[in-house]
Amino acid sequence: MSIAFSAERLWDSLATMARIGAREDGGVNRLALGTADAEARRLLRDWALAAGCSMEVDRLGSMYLTYPGAEPGRAPVAVGSHLDSVPTGGKYDGPYGVLLGLEVVRALHAAGRRTTAPICVVNWSNEEGSRFTPAMSASEAAMGFREEASVLGAPDNFDASVTFGQALAASGWAGSAEPAAARRFAAYFEAHIEQGPILEREGIPVGIVTHGHGVVHVDVVVTGENGHVGAPMAGRRDALAAASELVLALERIAIGSGGLATATRLTLQPDARGNIPSLVRFAASLRHGEQAALDGMCAAFDGFIAELTARRGVSVAIEPRGGYPSVRFAAPLLDAMRRAAGAAGLAHRDMATPIGHDALHLGRVVPSAMLFIPCHGGLSHNPAESITPAWSAAGLATMGPAVIETAGGLA
């Protein structure tokens, strides 16, 4: 006997969840640990309990909704993502992965069946990082790569008087479970919209994500000398001119290495029409699918900084702001999804993810896998983010059987 997943129920659940924190322009605003996020969590809890799950919440607010297996002592197979959004978010970035996991256990419950091992649906706290920096902090701490106290002490990016821990308590979702318990998952699956144009452009409904790009986040602080804009050009120590070279160097290094690099959040002092800027700060992100190449990008940027400071007479400080190494996903889990896609007659292709997801932290400790479905125009983090019911169904038909297989099959 096989399990009949309901693509219609998944689609309806996505629509219902999208009403929470809905924006007038069709998007959603569910910042982590805010009122809308708390309401979304309650809806997920109620749906999961009705489907025969038990619930635990850890000290960082991540939710673990476990459908019992025939052998309850077995380590659970987890499926998840996140319910929080960016302020101008869409309906599918995050909830698709959580609600796909919910549909797997709903289908089992409706059929009165269990898998050998338990299945755990996970909603990770603060994946987006919009309200509390960094992104994916709860899963990062659960896997042992960030101190729990660091997550709880992170200030609200919109109101620095509030910390993650205070917002968590106020939301009513501060739990007592040990975050590190997630390290004992037998496997972890995460489904997501692609957030890129490749699958739609190629007419392929399923992307098997083989690996994630390594990422380095830094702040770059360039210090020069304040002066009048009428001063001679020779001898200037213009921090903004130097920073401009650094931004272009990032672009050049990324193109030359086949990686990605971006500068954002540029600020300068003094910010006055009549002054040569003496201090510039900007954020930089460097990414590559191969760790050695990412290390080479960072080394090339450091080398350019050394040359620039000598030539322009400025100083440059690099302040680390986190990141993670390139992660390869577990081949047996990827093969299980390929088999399921083939059995369903679904075209699929292998691909990488240059964008961060909780699976990238999980994949450093737990055998993990990701699946992408297309999104129109590759658009995400935007109220116009959209997918089709057929794409949603394709992801379910690919990941659902793989989860059941990995959980030991039907008992």
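Note that the coordinates shown come from a computational prediction; the quantities given were computed from them, not determined experimentally.

1. Thoughts on the pattern of salt bridges
Step number 1: Counted by the stated rule, this structure contains 21 salt bridges.
Step number 2: With a closest N to O distance of 3.0 Å, Arg45 and Asp46 form a salt bridge.
Step number 3: For Arg338, the salt bridge is made with Asp350, and the minimal N-O distance between the two is 3.0 Å. Of this pair, Arg338 sits in helix α10 (residues 331-343) while Asp350 sits in strand β14 (residues 348-353), and the two are 12 residues apart along the sequence.
Step number 4: A residue is classified by how much of its surface remains accessible, and Arg338, at 23% relative accessible area, is partly exposed.
Step number 5: The exposure class of Asp350 is partly exposed, given its relative accessible area of 37%.
Step number 6: Linked by salt bridges that have partners in common, Asp219, Arg281, Glu319 and Arg321 make up one network.

2. Details of the pairing of strand β7 (residues 214-223)
Step number 1: With 7 of its 10 residues buried, β7 lies for the most part within the structure.
Step number 2: Two strands pair when backbone bridges link them, and β7 and strand β11 (residues 279-288) are joined in this way by 10 bridges, in the antiparallel orientation. Following the sheet pairing, Val222 is matched in β11 by Val280.
Step number 3: Strand direction decides the pairing type here: β7 and strand β12 (residues 315-324), joined by 8 bridges, are antiparallel. Counterpart to Val216 in the pairing with β12 is Gly323.

3. With respect to the nonpolar core
Step number 1: Counting 96 residues, the largest nonpolar core has Trp124, Phe185, Phe189, Met337 and Met399 as the members making the most contacts within it.
Step number 2: Per-element accounting of this core gives the leading share, 9 residues, to helix α3 (residues 95-111).
Step number 3: When sequence neighbours within four positions are dropped, the list of residues in contact with Met399 reads Val79, Leu100, Phe189, Glu190, Ala191, Met337 and Leu371.
Step number 4: Core analysis: the next-biggest nonpolar cluster, separate from the first, contains 23 residues, Val220, Val222, Ala239 and Leu286 among them.

4. Comments concerning helix α2 (residues 35-50)
Step number 1: With 16 residues, α2 ought to run about 22 Å at 1.5 Å a step, and its terminal C-alpha atoms sit 23 Å apart, in line with that.
Step number 2: Turning to α2, its buried residues are Ala36, Asp37, Ala38, Ala40, Arg41, Leu43, Leu44, Trp47 and Ala48.
Step number 3: In this structure, the buried side of α2 is in contact with α1 (7-18), β2 (63-67), α3, β4 (119-123) and α6 (164-171).
Step number 4: Positive phi appears at Gly52, one or two residues downstream of α2, with a value of about 90°.

Cut-offs used in this document
Residue positions are counted from 1 within each chain, in the order its sequence is given. pLDDT decides what is reported in this predicted model: residues at 70 or higher carry local features, side-chain atom pairs at 80 or more are listed and counted, and totals for whole chains, interfaces and linings draw on all residues regardless. With hydrogens and water set aside, each side-chain value is computed from the structure's full complement of heavy atoms. Salt-bridge detection follows one rule: a side-chain nitrogen of Lys or Arg within 4 Å of a carboxyl oxygen of Asp or Glu. Only runs of H or I of at least four residues qualify as helices and only runs of E of at least two qualify as strands under DSSP, and these elements are numbered from the N terminus. We call a residue buried when its accessible area falls under 20% of the maximum for its residue type, exposed when it is over 50%, and partly exposed in between, using a 1.4 Å probe and counting protein chains only. At least two bridges found by DSSP between two strands are what make those strands a pair. Here the nonpolar core consists of buried residues drawn from Ala, Val, Leu, Ile, Met, Phe, Trp, Tyr and Cys, with membership extended through side-chain atoms lying within 4.5 Å. A contact between two residues is defined here by any heavy atoms of the two lying within 4.5 Å. One less than the number of residues in a helix, times 1.5 Å, gives the span that helix is expected to have.

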